[in-house]
Amino acid sequence: MNKLLIVFSSIVLLLTGCEASDTSSESHYDRVSREIEQLKAESEAAASTGENIRIVVNMLTTDIDERSAIDSLWRYADRNVVITKRPQVYARSGLRIGLGNENFRARLDITKRRLKSSEESELFIVLADGSTGYINIGREISVPRFYYLGRWYTSVGYEFRQAGRSLKVTARKLPSGLIDMELTPVFSNFLSDRGDMELTELSTRVTTAPGRTILLGGTDSAGENVATALFGTSRLGQKKQTLITVTPYIQ
């Protein structure tokens, strides 16, 4: 008699792409990071301005059925300005990060008015130059659960585990007046010892002028990847996705 087996997969299945190794002596990301640290050291050697960086975060959550409307906003974002730590790993993660152009804010407002169902929240964090904070996205994560009848796969479901989803952000004001932001996905209280899982392989840098908006979200793929775990939720048959905009200011 075949026995029903339930196999729980861990978030590692979602993050399979995060195990690539770096074969180059110094990647483009590492070189840029080193140059930014040098600029920061030179800036600190000069007279300090005492300025902080205020980061305004907007989270727009919609039904997955309205994915096409949200995806259309990426036409107004430049993704070539993103510097990824491990390009091949980042490409498999499903993450999308871009810098909105001059038409983005207007298109975002138009899109929000056309959405049938959405939830929107706004928060801000204030960071000292060079310091780190967290953008909290949610407190639950969907983990796949696979069912087998004997040795034959039958279906897949999802369970919700209490774990924080967030983006670690480090902001620096460059001597040029631009703001450098480093973003890293983090799943908190997830490991067996209740520790945090910081996906440093997916650290990404964006340099922008104050007041410019950065977009963060996932691809239109329904695959099980980091973007799905970070920006997607699914409960009682209702699938939702979250688009995050981040706008830094000098204050």
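Heads up: the structure comes first, above all this text.
Residues numbered from 1 in each chain as written. Predicted model: local features only at pLDDT ≥ 70, side-chain atom pairs only at ≥ 80, totals over all residues. Heavy atoms only, no water.

Student: Just checking my understanding: could you explain the overall build of the protein chain for this structure?
Tutor: Along the protein chain, the regular secondary structure elements total five helices and 14 strands. Taking all 251 residues of the protein chain together, the buried fraction comes to 45%. For the protein chain, the accessible surface area stands at approximately 13400 Å², while carbon and sulfur atoms represent 48% of it. (Helix = DSSP H or I, 4+ residues; strand = E, 2+ residues; numbered from the N terminus. Buried < 20%, exposed > 50% of the residue type's maximum accessible area, 1.4 Å probe, protein only. Areas by Shrake-Rupley, 256 points an atom, 1.4 Å probe, with all protein chains shown as cover.)

Student: What exactly am I supposed to notice about the nonpolar core here?
Tutor: Buried together is how nonpolar side chains tend to be arranged in soluble globular proteins. One finds I55, L216, I244 and V246 to be the most contacted residues of the largest nonpolar core, which totals 34 residues. Here the element with the most residues in this core is helix α5 (residues 226–231); it accounts for five residues. Contact partners of L216, with chain neighbours within four places excluded, come to W74, R96, I97, L167, L183, F231, T242, L243, I244 and V246. Residues L60, L73, F104 and L115 belong to the second largest nonpolar core, which totals 10 residues. (Core = buried A, V, L, I, M, F, W, Y, C linked by side-chain atoms within 4.5 Å. Contact = heavy atoms within 4.5 Å.)

Student: Explain the pairing of strand β5 (residues 95–100) here, please?
Tutor: Across a regular strand the side chains alternate sides, sitting on one face of the sheet and then on the other. Taking burial as the measure, the six residues of β5 include six buried ones, the bulk of the element. Two elements, strand β3 (residues 77–78) and β5, share two bridges in a ladder whose sense is antiparallel. By the bridge assignment, D78 is partnered in β5 with L99. Bridging between β5 and strand β12 (residues 214–218) involves five bridges; their strand directions are antiparallel. Across the sheet, the residue bridging to L99 is I214, located in β12. (Pairing = 2+ DSSP bridges.)

Student: Can you walk me through the packing of aromatic side chains in this structure?
Tutor: Pairs of aromatic rings are described using the distance from one ring centre to the other and the angle between the two planes. Applying the stated criterion to the full structure yields zero aromatic pairs. The ring of F124 has R54 sitting right over it, with the charged end atom 4.1 Å from the ring centre. (Phe/Tyr/Trp six-rings, centres within 6.5 Å; stacked < 30°, edge-to-face > 60°. Lys NZ or Arg CZ within 6 Å of the ring centre and 35° of its normal.)

Student: Whenever I open this one, empty space enclosed by the protein confuses me. Can you help?
Tutor: Empty space among the atoms becomes visible once a probe the size of a water molecule is rolled across them. Under the defined criterion, the tally for this structure stands at one cavity of 30 Å³ or more. One number sums up the size of the largest cavity: a volume of about 60 Å³. The wall of the largest cavity is formed by 13 residues, among which L95, I97, L167, P185 and L216 lie closest to the centre. Broken down by secondary-structure element, the contributors of at least two residues to the lining of the largest cavity are β5, β9 (179–188), β12 and α5. When its residues are assigned to classes, the lining of the largest cavity shows nine nonpolar, three polar and one charged. (1 Å grid on protein atoms, 1.4 Å probe; cavity = no way out; pocket = protein on both sides within 12 Å on 5 of 7 lines; lining within 4 Å. Points joined across faces, edges and corners; volume = space filled by probe spheres on them. Nonpolar A, V, L, I, M, F, W, Y, C, P; charged D, E, K, R; others polar.)

Nothing here speaks to function; it is all geometry.
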